[in-house]
Structure formats: structure tokens, C-alpha cells
Amino acid sequence: MKKFFAILPVLAISSALFTSCGDAKKTTEPLIGIAIPETHVTRWVKDGSSLKAEAEKRGYRAQVQHADADQDIQNRHIQSFMSVGAKLLVVGSVDENAAPVIAEANKKGVEVIAYDRLIPNSEDYDYYITFNNFKVGVLMGQALAAALNLDARHEAPKNITLFAGAPTDGNAFFFYDGAMSVLNPYIERGVLKVVGPYAKTSDDRENFLKIATEKWLTPVAKARMEELLKNEAAGVTLDAILAPNDNLARAVMEAVKADPKYAAKLPLVTGQDAEFENAMLIKNGQQLCTIFKNTAILAEAAIILADQILKGETPNIPVAYLATGDLEKLGNTGKKVVKTYLLDPVLITKDNLNIPIEAGFYTAAETSELQK
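Quick caveat, the model's predicted, so the values are computed rather than measured.

Asker: Just to check I follow, could you spell out the overall build of the protein for this structure?
Answerer: Counting its regular elements, the protein contains 15 helices and 13 strands. Against the 2.2 N^0.38 benchmark of 21 Å for 372 residues, the protein shows a C-alpha radius of gyration of 22 Å, consistent with a compact globule. Taking the principal axes of the C-alpha coordinates as reference, the protein spans close to 75 × 45 × 40 Å. Out of the 372 residues belonging to the protein, those deemed buried represent 54%. For the protein, the share of sequence-separated contacts (at least 6 apart) that also reach a separation of at least 24 residues comes to 70%. Accessible area of the protein: about 15900 Å², with a carbon and sulfur share of 51%. For the protein, the distance from the average site of its 40 positive side-chain charges to the average site of its 46 negative ones is 2 Å.

Below, the structure is given as C-alpha cells:
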């Protein structure tokens, strides 16, 4: 009992975690700590629930904490998990400042799986599971190129403006570079013109930071879109907007809809995560596409990996493949290349909205709305 009260200050971070840890003293099932970066992007709420359910289905105890896009908060969550004996951590990190607490986990012999976000600048973990995020961007770029009919275009370039995700999220670089690997040849041919800042790749950090969106925050994206419409885009009509996820797609569209110039026709806008609101926009012809990353399957794959690690087995995940060749760079933390397991994303347009619906991605009420 004395030991229990000794850790009380740490557990005060979350009353829910405190309560569950009291129960932990009475059970022997290994504890898996699940650290989720935020709640303002809907998919992360779903991920936390899915990961917990998959872990419990396999006989583990699991606790989920959300960090409100603050790495210091998440680090305290991770330390709390370890203080009550977590054997493995599934971490969707906020940014590179997760590295010190991952080092603590390594010293304590606690295994770590980086979940859908690489933990940069760390050599203290061995596993990363995610989608092929370069391909996410490629699919966005291909969708725009096809919808704008760029292959057949020879003059009067189409106008596009570019948005990227959080510069603290390594995935944002892969999304952008994948998209630009498709779009750059059209820009070089002169059939696609960038309005506003242009980074040929994310290696152009100066310009990439001009189009990046701090913490994936929608007010930041909306404000930047409003400024573009008043300045660089004031004298032209935008044909397309590269938006890296659905939250930001909605934000930029909200700004564009307020401009009378676009009352009759909106630019083509990309997205990612297949959120319900955006699926409705796609259905109604207001958004071009989104990328479906079946995070329920990702969560299942992550817990299969966790189970195999805890049992000392060689990982073999039926729904994921080990990154090899050029794809190995997806697992480069800057300190080492971790074993990276990938799932493939799916492009969703008005023509195949049935895919996330049939996957059970939406609630019954949402599905009913989409099928009307």
C-alpha cells in the first residue's frame, strides 16, 4: 500500500488512469499503454478506442491517454504507464520531444511501437507501424492530375495552391513529397501553376514551412487560405488546392466559400482520413477526394505486432508488409532505421464511397446519410 501512495503524484495526471491503475494491482494480465497525440482530429479518437478494444480482445489490459497535441503532456502519460508496470507502449507521438521518454522506456526494458507517426531522433525503439504515407501523397497528386486533365493540357495552366501538415509530424513530409512527385512534372511543363509559396520537395524547408500547418490546426489553415485569397490568389481563380487531410480541407473550403468568386464553382480539394463530414462533401461534389486509411485494421495490426513482441515471436502481420528497398526510409528516425510495417491507403472519390461504408467505418446514422 505504501508503494501505491508513492506513485500517486504521477497518477494524478489523469483520474481515469489512476482508477485503472488501482485495478492493475489486482490483475496479472500485461498492461499496454496507448498514448494518442490529440483529439481534434476525429480519427485519433477512433484509433484510441480501436487499439484498446484489440488489446483487450487478446487478453491484455489497456489504457488510453490523449495528449491534446502537447508532447510534454504525452510524456507524462507515458511515464505514468511505466510507473504502473506497462510492458509495452503504443505511441502516436506529437513531435520529436518524445525521444527522451522513449529512452526511459528502453532503459526499463519496455517495448515501444511507434504508431502511425515515426518518433524522430530516437534510437531507443525498434518498431513502427503505419500506412505507406508516401503513397498517400501520390494518390492525392494523381487524383488532381486526372481531374484537371493535365496530361492532355498544353497551355493556359491550371492554378493550384499548396498546403502541408504539421512540420513536427514526419508524415507531413511524406504526404507532401508523394503528392509533389506527381505534380512537379506538370509544374515544370507549365500546365500547372502554383499560387503562393512553392516547395518542390519538403527538403526546401524555408518554403515548406510557409505552407505547413502548425499542429494540424484548422484555424491556422483557414487564416492562411483567407490571406492567400486577399493577396497572391486575388487576381486569379484557383482550380485546385492540395490539402493534406480532411480537417484542413474543410478549413480551406470554408474560407473559399466566403469568396464570391467561387460561388458557382469551388476548386478541386484533396483530403485524407475519410471523415464523415468530408465524405458528405465528396458525395455532394464539393470535395474531390479523400484517402481512406482503415485505422481499425491499423489498430488490429499494431496489437498483433504488440502481442508477438510480448510473446517473443518473430513479427508476422497478415495485413501489413515489412518496408524494404526505398520504402525503408519511412522508418529512418535520424538515429537508426526501425523495422517499419506498412498498410496501403485507398483513394476515395464520389465513385467509390462504398469502400469505407462497407468497411463499417461510419456509424449507422452516418452510413444512412451517405446512402441517401
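Picking up after the structure, the text goes on.
Asker: Even after reading the chapter, I still don't get the sheet that holds strand 8 (residues 240-242), so can you show me in this structure?
Answerer: Strand-to-strand pairing in sheets goes through backbone hydrogen bonds, with the strands running parallel or antiparallel. Strand order in this open sheet of four strands is 7-6-8-9, and the pairing throughout is parallel. Edge positions in the open sheet fall to strand 7 (192-194) and strand 9 (268-269), since each of these has one partner strand only. As judged from the three bridges shared by strand 6 (residues 158-162) and strand 8, these two strands associate in the parallel manner. Bridged to T161 within strand 8 is I241. Helix 7 (residues 133-147) contacts strand 6, strand 8 and strand 9 of the sheet and is inclined by roughly 175° relative to strand 8.

Asker: How should I be thinking about the nonpolar core in this particular structure?
Answerer: Most often, soluble globular proteins have nonpolar side chains that are buried together. Ranked by size, the top nonpolar core spans 56 residues in total, and within it I160, Y176, M225 and L242 carry the most contacts. Of all elements in the fold, only helix 7, strand 6, helix 8 (170-189), strand 7, helix 9 (205-211), helix 10 (218-230), strand 8 and helix 11 (246-257) reach the threshold of two or more residues within this core. In this structure, L242 is in contact with M140, L144, I160, T161, L162, F163, Y176, A179, M180 and T270, ignoring residues within four places of it in sequence. If you look at the next biggest cluster of nonpolar residues, it comprises 30 residues, including I32, A302, I309 and Y341.

Asker: Got a minute to help me understand the packing of helix 7 against helix 8 in this structure?
Answerer: In a pair of packed helices, the angle between the axes and the distance between the axes together describe the arrangement. Where helix 7 contacts helix 8, the two axes come as close as 7 Å, and the packing angle between them is 35°. Crossing geometry of helix 7 relative to helix 8 is assigned as right-handed. Of the residues in helix 8, those in contact with N133, F134, V136, G137, V138, G141, Q142, L144 and A145 of helix 7 are N171, F174, F175, D177, G178, A179, S181, V182, L183 and Y186. Partitioned by chemical class, the residues of the contact of helix 7 with helix 8 number eleven nonpolar, seven polar and one charged.

Asker: What should I look at first to understand the pairing of strand 4 (residues 111-115) in this one?
Answerer: Each regular strand carries side chains that alternate between the two faces of the sheet. Extensive coverage of strand 4 is indicated by the burial of four of its five residues. Where strand 4 and strand 5 (residues 127-131) come together, three bridges link them in parallel fashion. Directly across from A114, in strand 5, lies its bridge partner Y128.

Asker: Whenever I open this one, helix 13 (residues 295-310) confuses me. Can you help?
Answerer: Since there are 3.6 residues in each turn of an α-helix, residues three or four apart along the chain are aligned in direction. Taking 1.5 Å per residue, 16 residues should reach 22 Å; helix 13 reaches 22 Å between its end C-alpha atoms and fits that length. Of all 16 residues making up helix 13, twelve are buried, and the element is well covered by its neighbours. When helix 13 is considered as a whole, its buried residues turn out to be T295, L298, A299, A301, A302, I303, I304, L305, A306, D307, Q308 and I309. Summarising the contacts, the buried residues of helix 13 are in contact with strand 1 (31-36), helix 4 (42-57), strand 3 (88-91), strand 4, strand 5 and strand 12 (339-343).

Asker: I would appreciate a short explanation of the sheet that holds strand 2 (residues 61-66) in the present structure.
Answerer: Ordered in space as 2-1-3-4-5-12-11, the seven strands form an open sheet in which the pairing is mixed. For this open sheet the edge positions go to strand 2 and strand 11 (321-322), each flanked by a neighbour on one side alone. Bridge count between strand 3 and strand 4: four bridges; the pairing is parallel. Pairing of L89 across the sheet is with V112, part of strand 4. Running over the sheet, helix 4 touches strand 1, strand 2, strand 3 and strand 4 and is turned about 170° from strand 2.

Asker: What is the right way to look at the pairing of strand 3 in this model?
Answerer: Neither face of strand 3 is open: one carries L88 and V90, the other L89 and V91, and all of them are buried. In this sheet, strand 3 lies alongside strand 1 in parallel orientation, the contact comprising four bridges. Looking at the pairing, I34 lines up with V90 of strand 3. Running through helix 6 (residues 99-107), the crossover from strand 3 to the neighbouring parallel element strand 4 is right-handed.

Asker: Please explain unusual backbone geometry as it appears in this structure.
Answerer: Most peptide bonds are trans, and most residues other than glycine sit at a negative phi. Despite not being glycine, A69 has its phi angle at roughly 60°, a positive value. Checked against the element boundaries, A69 lands in the loop between strand 2 and helix 5 (71-83).

Asker: Could you clarify how one ought to interpret the environment of T42 in this entry?
Answerer: Examined against the element boundaries, T42 turns out to sit in helix 4. A residue is classified by how much of its surface remains accessible, and T42, at 37% relative accessible area, is partly exposed. Spatially, the C-alpha atoms of T42 and D307 are 26 Å apart, while their sequence positions differ by 265 residues.

Asker: When you look at the environment of F163 in this model, what are you seeing that I'm missing?
Answerer: Mapped onto the elements, F163 comes out in the loop between strand 6 and helix 8. Owing to a relative accessible area of 2%, F163 belongs among the buried residues under this scheme. Sequence separation of F163 and D326 is 163 residues, and the distance between their C-alpha atoms is 25 Å. Setting aside its immediate chain neighbours within four residues, F163 contacts Y176, I211, T213, A221, R224, M225, L228, I241, L242, A243, P244 and V252.

Definitions and limits used
Residues numbered from 1 in each chain as written. Predicted model: local features only at pLDDT ≥ 70, side-chain atom pairs only at ≥ 80, totals over all residues. Heavy atoms only, no water. Helix = DSSP H or I, 4+ residues; strand = E, 2+ residues; numbered from the N terminus. Rg over C-alpha atoms; globule rule 2.2 N^0.38 Å. Buried < 20%, exposed > 50% of the residue type's maximum accessible area, 1.4 Å probe, protein only. Contact = heavy atoms within 4.5 Å. Areas by Shrake-Rupley, 256 points an atom, 1.4 Å probe, with all protein chains shown as cover. Lys, Arg positive; Asp, Glu negative; His and termini not counted. Charge placed at Lys NZ, Arg CZ, Asp CG, Glu CD. Pairing = 2+ DSSP bridges. Axes fitted to C-alpha atoms, helices over the stretch in contact; angles between N-to-C directions. Core = buried A, V, L, I, M, F, W, Y, C linked by side-chain atoms within 4.5 Å. Left-handed = near helix turned anticlockwise from the far one by under 90°. Nonpolar A, V, L, I, M, F, W, Y, C, P; charged D, E, K, R; others polar. Expected span 1.5 Å × (residues − 1). Right-handed = clockwise from strand over helix to strand, strands pointing away.

By themselves these figures say nothing about function.
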